[in-house]
Each structure stands twice: as structure tokens, then as C-alpha cells.
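Residue-level structure breakdown
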Amino acid sequence: MTGTTDTPLTHRITHRHIEVFRAVMTAGSATGAADLLHSSQPTVSRELARLESLLGYALFERVQGRLRPNARALALWDEVQRSWQGLERVVDRAVALGRPDAVQLSVLCLPALAHALLPGAAARLMQHHPQARLSVTPQESPLLEEWMSAQRFDLGLCEQASAPPGTRAEVLLTLDEVAVLPASHPLARQRRLRLEDFAGEYFVSLSADDPYRRLIDARFAEAGVSRTLRMETHSAAAVCAMVQQGLGVAIVNPVTALAAASDQLVLRPLAFSIPFSVTALQPLYRPPLPEAMPMLEALRAEAAAIAQRLAQQDP
């Protein structure tokens, strides 16, 4: 069987042809497919024959009046099933958007803030808005700023104070980086740590491309203080976990340090300043959801609570 015109197959094979094929595969017969499609058996058989004619090959063997799918039909069936599942998800989403509790507030944030600041803020939001739904996506800079500029999320949380293009920025928190140490470490007995206190100490660092790593290294270089750089990682949470295991000391952001503090890990303020900020970003051209402002208020409250808890940590 061959096609009869020069029109591309993708233009001549219609959604109806695929719908008929799917119904036949599902029901196992043209009669059953007709019932599924609220059509007639002759119509289904005619549409199926037309599809095979357009393709230029048979999809079914006709055996004693029944349709038996061949290998090509089975391969096509796998693809049709995947496509139909995607369509069903689209339809489900379209229906769900009609329900008042179906809209999700999408939040884009640095990984460090996804487990140190955002959970507390989310808990505050849910206390007063129990029907609210959140979708949280961790992402590092500079993709975070690019995605917020592209208006892809309802809220963003980053460390830079300036607003990327197409966004509005609000600084939620400004504090200094802190030292984290194993609770049994001799330096844990000091109220504040100077640069020279780290001389010769095993040190767990952030990755070489991290802007805070560069700031920290520059301060030690300016002071002529040498540490033993033992390990490095992209994650401040991972730095704290390694310090807790006694692998060294470190300097990290205070939000992560406070979340990681335990009987095995303590934090100490520094006698020198390495500023750390948390900034909320709002897209300027994305229609705001009703939950955006309550979430921002919850973030402000959680940031204030973190600042207060850090002040109480000062020995």
C-alpha cells in the first residue's frame, strides 16, 4: 500500500487516525473500538484502512475476522501510549486549575536556603493558609537569577542584594558568616575567632568557584594565615556535616550553620566580617498569585526569627 499524493504524511495522518488505532488496540477489535469511540464498526474499519494506506504498510493481520497487531503496530502502540499519557496529564492539569486549592506557588531558591530558611517559612504560611500549595526548586546562581528574569517562578531566594532584570528585590536578612566547629574542638572554647586562630587547622571549604569561598580565601591570604585545606564541596550543608564528623573546621553562612547546630557541632561568631545576605525576588511581569504576599510575609518573619536565634548563640 502506498500514498497517492505528495503531501507530507504528517499532514495527512490526523489525530482521528491515531485515535482509531488506539481504540482498536485497546478493545482488540473494530467492533469494540467502535463502542469506545461511539461510532460504527464500518467507520472504524475504514479509518484504520486509511491509516495503513497512508503509512504504506499494514498494522494488523486479519485472522478469521479478527485484528491481530503485528510488530510495527506494537512499536507504534508504545509511542501512542506515551503521547496519550502526556495528553491526559495536560487535561488533568487543566481540570485541576479550576479548583481553588489546585494552584501552586512556585519558589526558586538556593539549595542552602531550601533546607535552612524555606521550611520554617513554609510552616508559618501553612499555619494561616492550610490550603496553600508550594513547589520548591533549588538552583544555584547564575541560573537562579536567569530563571527569575525569565518570569518562570512566583518567588525567588538568592544571596545577592541587587535585583536581576525583570525582578524586584527585597533584602530579608543581612548577617555575617560564622565559624562551625566540632563541639570538642579547642577553638570552641573561644567567644570569637580571629583569622590567626585558624592557622594550621584542617579546613573544610566550599568549592573553588563559590563566591564566598573566594572571599574567605582572600581574607586569609591578606592576613598571611595558612590553613590545611582538607576537603571541599559545593554545599554548605555538606560542609557542616563534614565538620560534625571531625574532619575540620569551616566558615559558612549563618542560616545553614544554625540549622546544623547540634551537640556535636557548634557555631562561633568571627572577629572579622564576611557579610551574608538573603534576598527575596519577585517577578515584575508574571501575574502574582494570592499566596505570594503571605509567603513573603512568612519569609520575613522566619528571617527575623533566625536573626534572633543567632544573637542568642553568641556565647
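1. Some points on the pattern of salt bridges
Applying the stated rule across the entire model yields twelve salt bridges. Glu19 is the partner of Arg16 in a salt bridge, and the nearest nitrogen-oxygen pair spans 3.1 Å. Remark: Glu19 and Arg16 occur in helix H2 (residues 15-27); sequence separation between them is three residues, near one turn of the helix. The exposure class assigned to Glu19 is partly exposed, which follows from its relative accessible area of 26%. Two residues, Asp197 and Arg194, come together in a salt bridge whose shortest N-O distance is 2.9 Å. Of the residues examined, Asp197 reaches a relative accessible area of 10% and is grouped as buried. Several salt bridges converge on common partners, so that one network encompasses Arg213, Asp217, Arg227 and Glu232.

2. Some points on the packing of helix H3 (residues 30-37) against helix H4 (residues 41-55)
As a packed pair, H3 and H4 sit with axes 8 Å apart at the nearest point and diverge in direction by 105°. Considered as vectors, H3 and H4 are oriented roughly perpendicular to each other. Taking contact as the criterion, the partners of Ala30, Thr31, Ala33, Ala34 and Leu37 in H3 are, on H4, Gln41, Val44 and Ser45. For the contact of H3 with H4, the per-class residue count stands at five nonpolar, three polar and no charged.

3. Quick notes on the sheet that holds strand E5 (residues 155-158)
The strand order E4-E3-E5-E12-E6 describes an open sheet built from five strands, whose pairing is mixed. Either end of the sheet is taken by a strand with one partner, and the two such strands are strand E4 (134-138) and strand E6 (167-176). Taken pair by pair, the neighbouring strands of this sheet meet at an average axis angle of 20°, ignoring direction. With three bridges joining them, E5 and strand E12 (residues 275-283) adopt antiparallel strand pairing.

4. Here's the deal with the sheet that holds strand E7 (residues 178-182)
The sheet built from three strands is open, its strands ordered E10-E7-E11 with antiparallel pairing. The sheet is open, and its two borders are formed by strand E10 (250-252) and strand E11 (265-268), each paired with just one other strand. Across this sheet, the average inter-strand angle for adjacent strands is 35°, counted without regard to direction. In this structure, E7 lies alongside E10, joined through three bridges in antiparallel fashion.

5. Overview of the environment of Val204
When you line up the elements, Val204 lands in strand E8 (residues 202-206). Those residues in contact with Val204 that lie beyond four places of it in its chain are Met231, Val239, Met242, Val243, Leu247, Gly248, Val249 and Ala250.

6. Focus on the layout of surface pockets
The space that makes up the largest pocket amounts to roughly 500 Å³. Here the lining of the largest pocket gets three residues from one element, more than from any other, and that element is helix H6 (residues 111-116). Looking at the lining of the largest pocket residue by residue, the classes come out as ten nonpolar, seven polar and six charged. Estimates place the volume of the second largest pocket at around 240 Å³.

7. Re unusual backbone geometry
Residue Pro142 is bonded to the preceding Ser141 through a cis peptide linkage, with omega at 5°. Of note in this structure, His38 is not a glycine but carries a positive phi near 55°. With respect to the element layout, His38 can be found in the loop between H3 and H4. His38 gets classed as exposed once you look at its relative accessible area, which sits at 77%.

The rules behind each value
Residues numbered from 1 in each chain as written. Predicted model: local features only at pLDDT ≥ 70, side-chain atom pairs only at ≥ 80, totals over all residues. Heavy atoms only, no water. Salt bridge = Lys/Arg side-chain N within 4 Å of Asp/Glu carboxyl O. Helix = DSSP H or I, 4+ residues; strand = E, 2+ residues; numbered from the N terminus. Buried < 20%, exposed > 50% of the residue type's maximum accessible area, 1.4 Å probe, protein only. Axes fitted to C-alpha atoms, helices over the stretch in contact; angles between N-to-C directions. Parallel < 35°, antiparallel > 145°, perpendicular 65-115°, else oblique. Contact = heavy atoms within 4.5 Å. Nonpolar A, V, L, I, M, F, W, Y, C, P; charged D, E, K, R; others polar. Pairing = 2+ DSSP bridges. 1 Å grid on protein atoms, 1.4 Å probe; cavity = no way out; pocket = protein on both sides within 12 Å on 5 of 7 lines; lining within 4 Å. Points joined across faces, edges and corners; volume = space filled by probe spheres on them.

That's the geometry; what it means functionally is another story.
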